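# Remarks on the overall topology
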Amino acid sequence: PNHKQRLFCSSTMPTKVEKSTIYFPDRAPVQVSVKVELKASPEQVWKVLIDNPGWVKWYKGVSSCQTTSEKEGFGSTRRIVVDGLQVDEEIIGFQENKLWALSVYQTDKPVASCWVERLVLEKTEENGTIINYDAGLELLFIPSLIQCYIVSGIKKSWTRNLAAIDDYILDSKSP
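Residues numbered from 1 in each chain as written. Predicted model: local features only at pLDDT ≥ 70, side-chain atom pairs only at ≥ 80, totals over all residues. Heavy atoms only, no water.

### Focus: the environment of W46
Threshold: The numbering of helices and of strands both runs from the N terminus, where a helix is a DSSP run of H or I of at least 4 residues and a strand a run of E of at least 2. Accessible area is worked out with a 1.4 Å probe on protein chains only. A residue is then buried under 20% of its type maximum, exposed over 50%, and partly exposed in between. Should any heavy atoms of two residues lie within 4.5 Å, those residues are considered in contact.
Mapped onto the elements of the fold, W46 is located in helix 2 (residues 42–50). For W46, a relative accessible area of 3% puts it in the buried group. For the pair formed by W46 and D171, sequence separation is 125 residues and the distance between their alpha carbons is 16 Å. Those residues in contact with W46 that lie beyond four places of it in its chain are F94, Q95, E96, N97, K98, L99, W100 and L121.

Okay, structure coming up:
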């Protein structure tokens, strides 16, 4: 049988996570950084990032991503399920075509006591986009060897999936 690999155990235990600021990735005990250059313009990339339901189409491992608040932009919330982990997030940084950041405030499994992700978009000379992704985590009950595995997995996942935005945009334009 084809069993999908899950990073997290199957039991659930809702866990509150401390909200933080867009600067937490710069001082977090566990830091992850990824830089990806895309052919797509910052405007095109931005539309993909803020389309919550669309994440299932380009981010491998996402089975659901839904807005959970009435408002959009800064202060809005969403629920995303990635590789079996349900994560509730609040948008804490929102500058159109430039900055998109979130603070996790609850997960369905105990993972972190604080978790912030930040994406900064820069326009290239060729009207493409450089995405600088930074995450900061304070992981719970996880030995350092496993933390290294988690950091490596996050880097690989974001590198692969951010690069997939170009193909997603190209495919979306196809008839």
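From this point, the narrative continues.
### Considering the packing of aromatic side chains
Stated precisely, the cut-off is as follows: Stacked, tilted and edge-to-face are the three classes applied to pairs of Phe, Tyr and Trp rings, where Trp contributes its six-membered ring and a pair requires centres within 6.5 Å; stacked means planes under 30 degrees apart, edge-to-face means over 60, and tilted covers the rest.
Taken as a whole and assessed by the stated rule, the structure comprises eight aromatic pairs. An angle of 80 degrees between the planes, with centres 6.0 Å apart, marks the rings of W55 and W158 as edge-to-face. Of this pair, W55 sits in helix 3 (residues 55–58) while W158 sits in helix 4 (residues 144–173); the two residues are 103 residues apart in sequence, bridging distant segments of the chain. One exposure class covers both W55 and W158, and it is buried. Consider the rings of W58 and Y59, whose centres lie 5.6 Å apart with planes at 70 degrees: the pair is edge-to-face. Within the aromatic cluster, the residues linked to one another by ring pairs are W55, W58, Y59, W100, Y133 and W158.

### Side note on the packing of helix 2 against helix 4
Applicable threshold: Under this scheme, a helix contributes an axis fitted over its contacting stretch, all axes are lines through C-alpha atoms, and angles between N-to-C directions fall in the 0 to 180 degree range. Angles are sorted into four bins: roughly parallel if under 35 degrees, roughly antiparallel if over 145, roughly perpendicular if 65 to 115, and oblique for all others.
One way to put it is that helix 2 packs onto helix 4 with a least axis distance of 10 Å and a crossing angle of 95 degrees. Between helix 2 and helix 4, the crossing angle belongs to the class labelled roughly perpendicular. Each of Q44, V45, V48 and L49 in helix 2 lies in contact with helix 4, whose residues at this interface are I165, Y168, I169 and K173.

### What to know about helix 2
Note the cut-off: The arc in question is traced by the directions running from the helix axis to the C-beta atoms.
Taken residue by residue, helix 2 has P42, V45, W46, V48 and L49 as its buried positions. Around the axis of helix 2, the buried residues are gathered within 165 degrees of arc, so they sit on the same side.

### Re the side chain of T15
One can find T15 in strand 1 (residues 15–16). When near neighbours in sequence (up to four residues on either side) are disregarded, T15 contacts Y105, Q106, T107, K109, P110 and L140.

### Considerations on the nonpolar core
To be explicit about the condition: Nonpolar cores are built from buried Ala, Val, Leu, Ile, Met, Phe, Trp, Tyr and Cys residues. Side-chain atoms within 4.5 Å join them into one set.
Within the largest apolar cluster, 42 residues are counted, with the highest numbers of intra-cluster contacts made by W55, W115, L119, Y133, W158 and I165. Ranked by residue count, the leading element in this core is helix 4, at eight residues. Apart from residues lying up to four places away in sequence, W55 is in contact with V48, L49, V62, C65, R78, I80, W100 and W158. Counting residues in hydrophobic clusters, the runner-up holds eight residues, among them A28, I92, A101 and V116.

### Considerations on the environment of D26
Which entries qualify depends on this criterion: Polar contact is the term for a pair of N or O atoms within 3.5 Å; when the atoms are in protein, one must be able to donate a hydrogen and the other to accept it, and sequence-neighboring residues count only if both atoms are side-chain atoms.
Topologically, D26 is positioned in helix 1 (residues 24–27). Sequence separation between D26 and Y149 is 123 residues; the distance between their C-alpha atoms is 20 Å. Among residues more than four places away in sequence, those in contact with D26 are Q31 and R118. Within polar-contact distance, the side chain of D26 engages the side chain of R118 at 2.9 Å.

### Focus: a nonpolar patch on the surface
For clarity, the cut-off: The residues that make up patches have over 30% relative accessible area and no salt bridge, and they are joined within 9 Å when like-charged or within 5 Å when they are Val, Leu, Ile, Met, Phe, Trp or Tyr. Reported accessibility uses the Shrake-Rupley method at a 1.4 Å probe radius. Residues are deemed covered only where the shown protein chains occlude them. Every case where a carboxyl oxygen of Asp or Glu lies within 4 Å of a side-chain nitrogen of Lys or Arg is listed as a salt bridge.
The grouping of I50, F74 and F94 at the surface amounts to a nonpolar patch, some 270 Å² of accessible area in total. Mapped onto the elements, F74 comes out in the loop between strand 3 (62–67) and strand 4 (77–82).

### A few points about the pattern of salt bridges
Should the charged atoms of two oppositely charged side chains come close, the side chains can pair. Applying the stated criterion to the full structure yields six salt bridges. Between E90 and K19 there is a salt bridge, with its nearest N and O atoms 2.7 Å apart. Placement of E90 in strand 5 (residues 85–95) and of K19 in the loop between strand 1 and helix 1 is noted, with a sequence separation of 71 residues between them. On the accessibility criterion, E90 (17% relative accessible area) is buried. For K109, the salt bridge is made with D108, and the minimal N-O distance between the two is 3.0 Å. Three or more residues joined by partner-sharing salt bridges are found here, namely D26, R118 and D134.

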